[in-house]
Amino acid sequence: MPPPELSIVIPAYGQAELTSRCIDSLLKLPPDLPFEIIVVDDASEPPLVDLLQSNPHLRVLRNTQNSGFACSCNAGARAAQGRLVLLLNNDTEVLPGWWQPLQAAIEQHADYGIVVPKLIFPDRTIQHCGKVWKDTEVPNGSAQHIYYKLPADAPCVNRSRVYGIVTGAALLVRRDEFLALGGFDEQYHNGWEDDDLCYAYRAQGLGSYYCAESEIVHH
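Keep in mind the model is a prediction, meaning the values are calculated, not measured.

Caption draft 1: Structural detail: the overall build of the protein. Helices and strands together make up the secondary structure of the protein, namely five helices and 12 strands. Expected size for 219 residues packed as a compact globule is a radius of gyration near 17 Å; at 16 Å, the protein falls within 12% of this value. Across the protein, every contact between residues at least 6 apart in sequence was considered, and the portion connecting residues at least 24 apart equals 73%. Roughly 9900 Å² of accessible area belongs to the protein as shown, and the carbon and sulfur atoms make up 51% of that amount. Measuring between centres, the 16 positive side-chain charges of the protein sit 4 Å from its 27 negative side-chain charges.

Caption draft 2: Summary view of the nonpolar core. Counting residues in hydrophobic clusters, the biggest one holds 34 residues, and the most contacted among them are Leu87, Ile114, Leu171, Phe178 and Phe184. Elements with a minimum of two residues in this core: strand S2 (35-41), helix H2 (69-79), strand S4 (84-88), strand S6 (112-120), strand S11 (170-174), helix H5 (193-203) and strand S12 (207-218). The element contributing the most residues to this core is H2, with four residues. With near-sequence residues (within four places) excluded, Ile114 lies in contact with Val166, Leu171, Leu172, Val173, Leu197, Cys198, Tyr201, Gly207, Ser208 and Tyr209. Grouped together as the second largest cluster of nonpolar side chains are 31 residues, Cys22, Leu48, Trp99 and Leu172 included.

Caption draft 3: View of the layout of surface pockets. The space that makes up the largest pocket amounts to roughly 480 Å³. Forming the boundary of the largest pocket are 27 residues, of which Phe69, Asn89, Asn190, Gly191 and Glu193 lie nearest the centre. Looking at the lining of the largest pocket, the elements that each hand over two or more residues are strand S1 (6-12), H2 and H5. It is H5 that provides the largest number of residues to the lining of the largest pocket, a total of three residues. Classifying every residue of the lining of the largest pocket by side-chain character gives seven nonpolar, 14 polar and six charged.

Caption draft 4: Local environment of H5. Residues Glu193, Asp194, Asp195, Leu197, Cys198 and Tyr201 constitute the buried set of H5. Phi for Gly205, located one or two positions after H5, is positive at around 80 degrees.

Caption draft 5: Region of the structure containing the environment of Pro4. Here Pro4 shows up in the segment before S1. Pro4 gets classed as buried once you look at its relative accessible area, which sits at 13%. In sequence terms Pro4 and Leu181 are 177 residues apart; their C-alpha atoms lie 22 Å from each other. Contacts of Pro4, omitting those with residues within four sequence positions, involve Pro34, Phe35, Glu36, Gln81 and Gly82.

Caption draft 6: Representation of the pattern of salt bridges. Counting across every chain of the model gives 12 salt bridges. Measuring nitrogen to oxygen at the nearest pair gives 3.0 Å for the salt bridge that ties Arg21 to Glu93. Pair noted here: Arg21 is in helix H1 (residues 16-28) and Glu93 is in strand S5 (residues 92-94), with a separation of 72 residues, a long-range link. Residue class for Arg21 comes out partly exposed when judged on its relative accessible area of 35%.

Caption draft 7: Molecular detail of the packing of aromatic side chains. For the coordinates displayed, the defined rule picks out six aromatic pairs. Between the aromatic rings of Phe178 and Phe184, the centroid separation amounts to 5.7 Å while the plane-to-plane angle is 85 degrees, which identifies the pairing as edge-to-face. No difference in accessibility class separates Phe178 from Phe184, as the two residues are buried. Three or more aromatic residues joined by ring pairs form one cluster here, namely Phe69, Phe178 and Phe184.

Rules used in this analysis
- Just so you know, the residues in each chain are numbered from 1, in the order the chain's sequence is written.
- Reporting of local features is limited, given that this is a predicted model, to residues whose pLDDT is at least 70; pairs of side-chain atoms are given and counted only at 80 or more, and all residues count toward the totals for whole chains, interfaces and linings.
- The basis for every side-chain value is the complete set of non-hydrogen atoms in the structure, without hydrogens or water.
- Helix numbering and strand numbering both begin at the N terminus, where a helix is a DSSP run of H or I of at least 4 residues and a strand a DSSP run of E of at least 2.
- For the radius of gyration, the atom set is restricted to C-alpha positions; the globular benchmark scales as 2.2 Å times the number of residues to the power 0.38.
- In this analysis, two residues are considered to be in contact whenever any of their non-hydrogen atoms come within 4.5 Å of each other.
- Throughout, the Shrake-Rupley method with a 1.4 Å probe supplies accessible areas, and for residues the shown protein chains are the sole cover considered.
- Counted charges follow a simple rule, with Lys and Arg positive, Asp and Glu negative, and His plus the chain ends left uncounted.
- Every charge is mapped onto a representative atom, which is NZ of Lys, CZ of Arg, CG of Asp or CD of Glu.
- The definition of a nonpolar core used throughout is a set of buried Ala, Val, Leu, Ile, Met, Phe, Trp, Tyr and Cys residues joined through side-chain atoms within 4.5 Å.
- Residue burial is assigned from relative accessible area. The probe radius is 1.4 Å, only protein chains are included, and a residue is buried under 20% of its type maximum, exposed over 50%, and partly exposed in between.
- Buriedness of a pocket was judged along seven lines, with at least five required to meet protein on both sides within 12 Å; pockets are open sets of points on a 1 Å grid over the protein atoms alone, cavities are sets where a 1.4 Å probe fits but cannot get out, and lining residues have an atom within 4 Å of a point.
- Grid points are joined across faces, edges and corners, and a volume is the space filled by probe spheres set on the points.
- Amino acids are sorted into nonpolar (Ala, Val, Leu, Ile, Met, Phe, Trp, Tyr, Cys and Pro), charged (Asp, Glu, Lys and Arg) and polar (every other residue, Gly among them).
- Should a side-chain nitrogen of Lys or Arg be within 4 Å of a carboxyl oxygen of Asp or Glu, the pair is scored as a salt bridge.
- Any Phe, Tyr or Trp ring, taking Trp's six-membered ring, that has another such ring centre within 6.5 Å forms a pair; planes under 30 degrees apart are called stacked, those over 60 apart edge-to-face, and the others tilted.

Listed below in structure tokens is the structure:
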């Protein structure tokens, strides 16, 4: 097999069935470039190594202790061989046509540091299409998913654009840039590390781009 250009990093803690479905969807609808899938098992019991079976696209890394989402993603990115890295939650399933719009966005725009797809629930309502601040509505000033639970075909969710903050559930980056910025801050165990990463990219003049043309189910 040729060296991978894309590394898909899937952090996982348990949830073997969901993780298998995620991997199956990728193998049924693969990217049209050489790729690898790296599952980072965050000390699951029993281990997820059985997911490997004999597929040449797959390899599993295993943390010796449960270290959280940020640490697992960083470990996968460091082990990645691809120049592009897709950090993908294990409770996702890709849909037809998911890859090409993401690749086009990051390849054609050097000022996009992060590219994310439209994330939808199985009922085709919006889980994520960008995050915004609603300081007047949320006492702690948390960033909120905009247009949450609207239909996936609503005009307002089908406009691709740069946001200040996007989610880390399906996040395409250039490996070298991600690692040069230090990856996710591992002080965050599971939450807020994606917001923090967007600010790190923003400080370097790199935007976080929501690509409405790509759809992925997020359970």
